[in-house]
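# Reading the structure
Here is what each chain is made of, one letter per residue.
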Amino acid sequence: MNGMSRVVIQTAGLRREYAMGGAVVHALRGVDLTVQAGEFLALMGSSGSGKSTLLNMIGLLDRPTAGRYRLEDVEVFSLSRDDLATIRGRRIGFVFQNFNLLPRYSTWENVALPLTYRGGEYRSEEQYKKAMQMLRRVGLGPRAVHQPMELSGGERQRVAIARALVTEPAVLLADEPTGNLDSATGKEIMSLLSEIHAEGKTIIMVTHDMSIARYASRVCTMRDGMLTEGEPAYVAG
Amino acid sequence: MSLGDLLRTSLRGVSANKLRAVLTMLGIIIGVASVIAMLALGNGARAAVESRFRFLGANQVQISTQMAFDDDELVTAGKELTYEDGLLMPEEVELVDRIDMSISADAKARFGRATLGIRISGVTASAVETIISAGEVQPVNRPDGEVLTLDDYLADGRFFTFNEVLEQGPVCVLGSQTATDLFGGDNPIGQTIWVNRNRCEVIGVLSELEFIDESRRYQGNPNENLFMPISTVIQMFYEEEPSVMITAFVSDESRMDEAKDQIKSYLRARHDIQPDANGEYEDDFNLTTRKDILGAQQEAANTFSLLLAAMAIVSLIVGGIGIMNVMLVSVTERTREVGVRLAVGARSRDIILQFLLEAMLISIGGGVLGVAVGILSIPLAASLNSGIALLEPGSIPLALIVSIVVGILFGIYPALRAARLDPIEALRYE
């Protein structure tokens, strides 16, 4: 860490409740989390622990039932759906377990997609330039005109990472980024994320795999909607 | 999203499934083609009426013998309309100040050694006025716009009188070319020529005439004419009294219905037609005015147009529902795509515009193809409407606007549905 501690994410008392089949599910029961710039945080926990809900909340895809959330200097939950979308497009990059690339769009077009939602800020040649820059960064420059169908799983995830980085976001959110990959490919993706972290990017990653979490600079564990610092007890012990 | 990005995105959405897009367009194509054909019929009817007006002025009543079928044979329903019915009409009918009628016969005209095969026109004393009012020919070397009088049309002598027509006078008036053919350079006035085996005195020669509308000049030389009183022609060439068609000129255009009633009473009296038990007359003649033609033509066009309008509305609604259906399917199929777009910063209006534009591209595509099909179907529409259909230029932008409106109307709901998707659920959608 570079010692300059700047807070990127700060949540206080985040709660999230769902009504599911008449019963109320408490996905988050008051989460306080502070993430400094340049941190690589692994969120661990078993399925149903609330780790994905927390990640969606941080990624502004979901809203809390109660609590506060500051992303950099903005109190984000007071904003409208469209304003949240705008912030997502500028400040947050997503990497999903199942890649979520658009079929029939070439690799570079997938990477450029977030730039098209910047209100005409980027002309199409600038979109291409920026996308190509990111593709080269993840080692896929020669694959620019291929379609996702023609790529391997690891390559697809690299494209997704390039897409997440193309807007130069404040934080990269990765939800089980290696979940659909074999372990060798998973390691390649993790070393890519480590490189990106080493370059100063803030990363929050959800995983249930201890060996993946070891790439992170900090590990937190979700359990029954509560966040605790450190690795899960059953693994740590 | 910039307009260029938006258009590219929507075009891709449509072209991802071309066959489906084209099939979806079908309803719009049929609807728009119907609109084009419908307006072409209306336009054609109007043009047809206008062209018929050239031959039937607003103050004219055309009177013809009523025909009827008798054992599949077309026969006169009662008495024939005779030239005498016409000749006496201006005297007897208050609102008719002039009539026009003609009959023709092929004959040989001879003077000295010159012999000429010619079509004889049997006309009334006001034939020259009729020529003037028809406005198709004018004396050569006369500037346009100058008001021409009877004298301008007569080169020499005079036209025949009412009495000469009444008394079957053996007189004739020659067209300028005919006069030259028979007499060379000599003065024909007062000379006697032979028409078949009848003697006939030349009393006048017309000026050299030309068609005003140059495109009609192929229709032959308007100066090869031999005019005789209609009564004389009938006496010379017809064994039985022939049917004639009479055009009556009404003195007051605003009293056409009254004039028609007067003509009816006059002809009923002459043809001895009595009312039946219900006070109805079974006339053996037909009266036609410009208003009648207009009405009949419009009625036919309106009936057909109504049919096409119904077809257009139904097709456009069905086409629109088809678009809505396909767009709903498309939104469902692409739920994940919507989720990704929302995750990378798309706002509601970006998603709405993307899917709305896709619906509009389909409907506009249908509109463009519909215009093409519509234009190609005009000859077909014409053949179903006695040959009258003419492309109405304004119908093309109208059809395109209609197809855009259909696209918006039926595309907005699927687009709104896409925009309201929950991003988390959309991203998880399988």
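Since the model is a prediction, treat every value here as computed from it, not as a measurement.

## As for the overall build of chain B
Check the secondary structure of chain B and you find 15 helices and 15 strands. In chain B, buried positions account for 41% of the 430 residues. Taking all contacts inside chain B whose residues are at least 6 apart in sequence as the whole, residues at least 24 apart take part in 81%.

## Here's the deal with the nonpolar core
If you look at the biggest cluster of nonpolar residues, it comprises 124 residues, and the most contacted ones within it are A:Leu43, A:Ala162 and A:Ile204. With 16 residues, helix 2 (residues 18–53) of chain B is the single largest residue contributor to this core. The residues touching A:Ile204, leaving out its near neighbours within four places in the chain, are A:Val35, A:Leu41, A:Leu43, A:Leu55, A:Ile58, A:Val171 and A:Leu173. Residues B:Ala127, B:Val171, B:Phe227 and B:Val250 belong to the second largest nonpolar core, which totals 52 residues.

## Structural notes on the packing of helix 3 (residues 107–116) of chain A against helix 5 (residues 153–165) of chain A
Residue and element names in this part refer to chain A. Orientation of helix 3 relative to helix 5, taken along the N-to-C sense of each, is 30°, at an axis distance of 7 Å. When the interaxial angle is binned, helix 3 and helix 5 end up roughly parallel. Relative to helix 5, helix 3 is oriented so that their crossing is right-handed. On the side of helix 3, the interface is formed by Thr 107, Asn 110, Val 111, Leu 113 and Pro 114, while helix 5 contributes Val 159, Ala 162 and Arg 163. Residues belonging to the contact of helix 3 with helix 5 are distributed by class as follows: 5 nonpolar, 2 polar and 1 charged.

## Re the pairing of strand 6 (residues 114–123) of chain B
Residue and element names in this part refer to chain B. Pairing geometry for strand 5 (residues 103–111) and strand 6, over 9 bridges, is antiparallel. The residue bridging Ile 103 from the neighbouring strand is Gly 122, located in strand 6. Hairpin connection, strand 5 to strand 6: the antiparallel pair is bridged by 2 residues, and Gly 112 has positive phi, about 60°. Bridge count between strand 6 and strand 13 (residues 226–229): 4 bridges; the pairing is parallel. The residue bridging Ile 120 from the neighbouring strand is Leu 226, located in strand 13.

## Regarding unusual backbone geometry
The phi angle of most residues is negative, glycine excepted, and most peptide bonds adopt the trans form. The backbone of A:Glu176 shows a phi angle near 50°, a positive value even though the residue is not glycine. Mapped onto the fold, A:Glu176 is located in the loop between strand 7 (171–175) and helix 6 (183–198). Phi is positive for B:Asn196, which is not a glycine, with a value near 50°. Checked against the element boundaries, B:Asn196 lands in the loop between strand 10 (192–195) and strand 11 (198–206). The class for B:Asn196 is partly exposed, based on 14 C-beta atoms found within 10 Å.

## A look at the interface of chain B and chain A
Chain B puts 20 residues into the contact, and the matching count from chain A is 21 residues. The set of elements that each furnish at least two residues to the side of chain B that touches chain A consists of helix 1 (3–15), helix 12 (335–343), helix 13 (348–384) and helix 15 (423–428) of chain B. Counting residues per element, the side of chain B that touches chain A draws most heavily on helix 12 of chain B, at 5 residues. Taken together, the residues that form the side of chain B that touches chain A break down as 10 nonpolar, 4 polar and 6 charged.

## Observations concerning the sheet that holds strand 9 (residues 218–223) of chain A
All names here are of chain A. Taken together, 6 strands build an open sheet; the order of strands is 6-7-8-3-9-10 and the sheet is mixed. One side of each edge strand has no neighbouring strand; the edge strands of this open sheet are strand 6 (92–95) and strand 10 (226–229). Across the sheet, the mean angle from the axis of one strand to that of its neighbour is 20°, orientation sign disregarded. Both strand 3 (residues 40–44) and strand 8 (residues 202–206) contribute to a ladder of 4 bridges, which runs parallel. In the strand pairing of strand 8, Ala 42 is matched with Met 205.

## So, the packing of helix 5 of chain A against helix 6 of chain A
Residue and element names in this part refer to chain A. Between helix 5 and helix 6, the shortest axis-to-axis distance is 9 Å and the interhelical angle comes to 20°. Here helix 6 runs roughly parallel to helix 5, going by the angle between their axes. Relative to helix 6, the crossing made by helix 5 is right-handed. Of the residues in helix 6, those in contact with Gly 153, Gly 154, Gln 157, Arg 158 and Ile 161 of helix 5 are Thr 185, Glu 188, Ile 189 and Leu 192. Tallied by class, residues from the contact of helix 5 with helix 6 come to 3 nonpolar, 4 polar and 2 charged.

## Re the sheet that holds strand 1 (residues 7–20) of chain A
Residues and elements named next belong to chain A. Spatial ordering of the open sheet is given by 2-1-4-5, a layout of 4 strands whose pairing is antiparallel. The open sheet is flanked by strand 2 (23–36) and strand 5 (74–75), the only strands paired with a single partner. Bridging between strand 4 (residues 66–71) and strand 5 involves 2 bridges; their strand directions are antiparallel. Bridge pairing in strand 5 links Arg 70 to Glu 75.

## A word on the confidence of the model for chain A
Confidence in the prediction for chain A averages 91 pLDDT; 96% of positions are at 70 or higher. Per-element confidence in chain A is highest for strand 8 of chain A, whose mean pLDDT is 97, and lowest for helix 8 (residues 233–236) of chain A, whose mean pLDDT is 54.

## Examining the confidence of the model for chain B
Residue and element names in this part refer to chain B. Averaged over all residues, the pLDDT of chain B equals 87, while 96% of them reach at least 70. Between the elements of chain B, mean pLDDT differs from a low of 80, seen in strand 3 (residues 73–76), to a high of 95, seen in helix 12. Of the two predicted TM-score estimates for the complex, the pTM is 0.69 and the ipTM is 0.93.

## Describing the environment of B:Ile132
Residue and element names in this part refer to chain B. Secondary-structure assignment places Ile 132 in helix 5 (residues 127–134). On the basis of neighbour counts, which here come to 17 C-beta atoms within 10 Å, the residue Ile 132 falls in the partly exposed class. In sequence terms Ile 132 and Leu 150 are 18 residues apart; their C-alpha atoms lie 8.0 Å from each other. In this view, Ile 132 contacts Leu 148 and Tyr 153; residues no more than four positions away in its chain are not counted.

Calculation criteria
- Residues numbered from 1 in each chain as written.
- Chains lettered and ligands numbered in written order.
- Predicted model: local features only at pLDDT ≥ 70, side-chain atom pairs only at ≥ 80, totals over all residues.
- Helix = DSSP H or I, 4+ residues; strand = E, 2+ residues; numbered from the N terminus.
- Buried ≥ 20, exposed ≤ 12 C-beta atoms within 10 Å, placed from the backbone.
- Contact = placed C-beta atoms within 7 Å.
- Core = buried A, V, L, I, M, F, W, Y, C linked by C-beta atoms within 7 Å.
- Axes fitted to C-alpha atoms, helices over the stretch in contact; angles between N-to-C directions.
- Parallel < 35°, antiparallel > 145°, perpendicular 65-115°, else oblique.
- Left-handed = near helix turned anticlockwise from the far one by under 90°.
- Nonpolar A, V, L, I, M, F, W, Y, C, P; charged D, E, K, R; others polar.
- Pairing = 2+ DSSP bridges.
- pLDDT = per-residue confidence, 0-100.

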